[in-house]
Each structure stands twice: as structure tokens, then as C-alpha cells.
Amino acid sequence: MIMNNFIVLEGLDGSGTTTQAKLLAQHLNGVFTFEPSDNAVGTLIRQILRKEKSVTADTLAYLFKADRCEHLFGKDGIKQQINDGKTVVCDRYLFSSLAYQSLDCDFDEIYQLNKDFPLPETVFFIDTPVEECLKRIGTRGSEPELFEKAELQRKIYDNYLRGFAAFNEINLIKLDGTKSIEELLEEELKIIGK
Ligand code: TYD
């Protein structure tokens, strides 16, 4: 099922999804949101990503699913915002689970876990070369998180392509992540028709 007025940005760590999602939401007078979310499950996920807690790869995949379920259907969640007539722009969604969780779990298992969630009207994939992403992450000055390493990022990129192919009904727009912030935003607005 496609959910109208629901837009998702996807990309590698450091590709610029957060910047673009925030700007796009602002320009559309919409709501900016993100996954992992800031609900109870999302908060636990962030502790795991910072390596403060450890769970199995399967458990992490279930947690992402639980976080997504609450983010979509919980109080003030995506569904409610859309029903209230808002446009929702989300930084990462189930395509991130396919890209990242299938590093350590079976791709089909992650697909099965996520296949029944509503799909966004448009997915922008910010295609930024791994080297550029790592350079940007490096300048953040913080400890690398669980998935922020070169070989892993290459595999994540391949998993993204596999994930998008598995959802061939989505309106997937690939954007050149080496373009400027303003150029990317302009392209997104043009595609959405605003
Ligand atoms: P990220 O958007 O990079 O958050 P921040 O910029 O605030 O650190 O997301 C955190 C990490 O979560 C990122 O490495 C991708 C990962 N992730 C998954 O592994 N699976 C998922 O389903 C989602 C939504 C994110």
C-alpha cells in the first residue's frame, strides 16, 4: 500500500539524508521525522548503535521493526499526521533495514519483516560515493558508530539496490549526492511538483 504525502530519504551514513529531509520538510510546510525514531524503542536502538548495549543482529532487526510500527501507528505517528492533512518527510525508513540489517541477517528475513508496512509516495536515494560519505563522517569528530566503516558501507550500498529492486512498485528517485545542498533540494521540489 502506498501512503500519499509520505516522502522518504535514504542513503549511506554521511550521504546527506538528514540535511535534505529537514530542508524538504521545511519547504513543503511539512513534518520532519526520522528513524530510528525518538520513541522508547528508537532510544534503545541508538544505545545499541553507540555500542553502549549489545543485542543479536536478529534482535536489532526486530527492534527496528517495532520502532517503525510505533513511529507509523503510535500517538502523533506518521499515519496520524498524514490523516491530519500534513506531508511527512522521513529521514530513513524500511529500506535502511534492508540495506543495513541484511549485512548480518538473511536478506529475505528482513524483507519478510518489513514488506507489509505502508510504502512512501516517493523515495529519494541520495547517491553519494562511499569515500565522500566517510570523509564527511570523519569531520563529525565522534566515535564511529556500528555501521560506519568503508567495506561495510559498500555492502550497504549493494543491499540498498537489492532492497529497492524488491519494492519495484515504489517511485524511486536517485539523486547525485555530490551536488550542492541547494541543487539537491531544487531537484526534489521539482520532482514533487512544488
Ligand atoms: P542516522 O540517520 O545515520 O542517524 P544519525 O545521523 O542521527 O546518527 O541513522 C543511524 C543508523 O541507523 C545508520 O547507521 C543506519 C542505521 N539504521 C539501520 O541499521 N536500520 C534501519 O532500519 C534504520 C532506519 C537505520
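Okay, so let's go over this structure. (Residues numbered from 1 in each chain as written. Predicted model: local features only at pLDDT ≥ 70, side-chain atom pairs only at ≥ 80, totals over all residues. Heavy atoms only, no water.)

Some details on the environment of Asp104
- Mapped onto the elements of the fold, Asp104 is located in the loop between helix 5 (94-101) and helix 6 (107-114).
- Placed 97 residues apart in sequence, Asp104 and Ile7 show a C-alpha to C-alpha distance of 27 Å.
- Look past the residues within four positions of Asp104 in its chain and what remains in contact with it is Ala57 and Phe147. (Helix = DSSP H or I, 4+ residues; strand = E, 2+ residues; numbered from the N terminus. Contact = heavy atoms within 4.5 Å.)

So, the sheet that holds strand 1 (residues 2-11)
- Ordered in space as 2-3-1-4-5, the five strands form an open sheet in which the pairing is parallel. One side of each edge strand has no neighbouring strand; the edge strands of this open sheet are strand 2 (31-34) and strand 5 (172-176). Strand after strand, the sheet turns through a mean of 25° between neighbouring axes, direction not considered.
- Both strand 4 (residues 119-127) and strand 5 contribute to a ladder of five bridges, which runs parallel. By the bridge assignment, Phe125 is partnered in strand 5 with Lys174. (Pairing = 2+ DSSP bridges. Axes fitted to C-alpha atoms, helices over the stretch in contact; angles between N-to-C directions.)

Describing the environment of Glu10
- As for its placement among the helices and strands, Glu10 is situated in strand 1.
- Owing to a relative accessible area of 0%, Glu10 belongs among the buried residues under this scheme.
- Once the C-alpha coordinates of Glu10 and Ile126 are considered, the two residues, 116 residues apart in sequence, prove to be 6.2 Å apart.
- Non-local contacts of Glu10, meaning those with residues more than four positions away in its chain, are made with Thr17, Arg92, Tyr93, Leu94, Phe95, Ser96, Val123, Phe124, Phe125, Ile126, Tyr160 and Phe164.
- In terms of polar contacts, Glu10 uses its side chain to reach the side chain of Ser96, at 2.6 Å. (Buried < 20%, exposed > 50% of the residue type's maximum accessible area, 1.4 Å probe, protein only. Polar contact = N/O pair within 3.5 Å; in protein donor to acceptor, adjacent residues only side chain to side chain.)

A look at the site of the ligand
- The ligand sits among 14 residues. The nearest are Asp13, Arg68, Arg92, Ser97 and Gln101.
- A distance of 2.8 Å is found between an oxygen atom of the ligand and a side-chain nitrogen or oxygen belonging to Arg68.
- One of the side-chain N or O atoms of Gln101 is found 2.7 Å from a nitrogen atom in the ligand.
- When isolated, the ligand has an accessible area of 550 Å², and the protein chains bury 88% of it. (Near = heavy atom within 4 Å. Areas by Shrake-Rupley, 256 points an atom, 1.4 Å probe, with all protein chains shown as cover.)

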